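# Descriptive analysis of the structure
Chain by chain, the residues run as shown.
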Amino acid sequence: LVPSLFGAKWADAGWISPALMLLTLPLLVSSFVTTLLWSIGKVSIRRKLAFLELGSTVAITAVTVRYGLLWVALGYSLRANLIMPFYFAVAKRAAGIGVRRHLASIQPSLIAACVRSIVLLPALILLNTRSLLILAPLCAAAAAVYFAIVFMLVPDELAAIRRFVRSSILERTAKRAN
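From a predicted model like this one, the values you see are computed outputs, not experimental measurements.

All right, on to the overall build of the chain then. Counting its secondary structure elements, the chain contains eight helices and zero strands. Moving toward the C terminus, one meets the helices and strands of the chain in the order α-α-α-α-α-α-α-α. Relative to its full complement of 178 residues, the chain shows a buried share of 26%. Put simply, 67% of the contacts in the chain that link residues at least 6 apart link residues at least 24 apart. Only carbon and sulfur atoms are counted for the fraction: they give 69% of the accessible area of the chain, which is about 12200 Å².

A grouping of L22, Y67, L70, W71 and L74 is seen on the molecular surface, where their side chains present a nonpolar patch of about 520 Å² in accessible area. Counting through the fold element by element, W71 comes out in helix α5 (residues 69-95). For W71, a relative accessible area of 48% gives the class partly exposed.

This brings us to the nonpolar core. Counting residues in each nonpolar core, the largest one holds 14 residues, and the members touching the most others are V29, V33, L37, L49, Y87, V90 and A91. Contributions of two or more residues to this core are made by α3 (24-39) and α5. It is α5 that contributes the most residues to this core, seven residues altogether. Look past the residues within four positions of V29 in its chain and what remains in contact with it is M84, Y87, F88, H102 and I106. In this structure, A112, Y146, I149 and V150 belong to the second largest nonpolar core, which totals five residues.

The rules we used
Residues numbered from 1 in each chain as written. Predicted model: local features only at pLDDT ≥ 70, side-chain atom pairs only at ≥ 80, totals over all residues. Heavy atoms only, no water. Helix = DSSP H or I, 4+ residues; strand = E, 2+ residues; numbered from the N terminus. Buried < 20%, exposed > 50% of the residue type's maximum accessible area, 1.4 Å probe, protein only. Contact = heavy atoms within 4.5 Å. Areas by Shrake-Rupley, 256 points an atom, 1.4 Å probe, with all protein chains shown as cover. Patch = residues over 30% accessible without salt bridge, like charges linked within 9 Å, V, L, I, M, F, W, Y side chains within 5 Å. Salt bridge = Lys/Arg side-chain N within 4 Å of Asp/Glu carboxyl O. Core = buried A, V, L, I, M, F, W, Y, C linked by side-chain atoms within 4.5 Å.

So, in structure tokens, the structure goes:
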């Protein structure tokens, strides 16, 4: 995608993607804890975590920048993984949610993301992904695989979405009839 958008001189930037894939779990955990803190009114704790992230990002970047973009990406991923235990501790202290329960809540998304990557990786390697005509269908396929897996792992969510869509359609139909 990067070369398609910014030109051939940026072709090597795509190699940082695998380094950034290491961010999957920390970002899921961070998202869950951030939502949790907002919902229980403890935003000030999230602010402290943000300052920890900022300080550690500046430090890691200062150390790795001389080695190039790949090392900065690896350092950023390492930083996120090293800070993840703080998020678990905050969730435990703020709401009594332990690591097992925390990981169970993000398990479907994590499994779906991993399977999607494994399924589509050969296509990304074999095909010329510098073309938007090939990349766009691959992105659509990636989204379809991800949602199919999530719905297989959490069938209740699919049922809830169906109910929501049906009720929305019925509401629109009723409004038009009036």
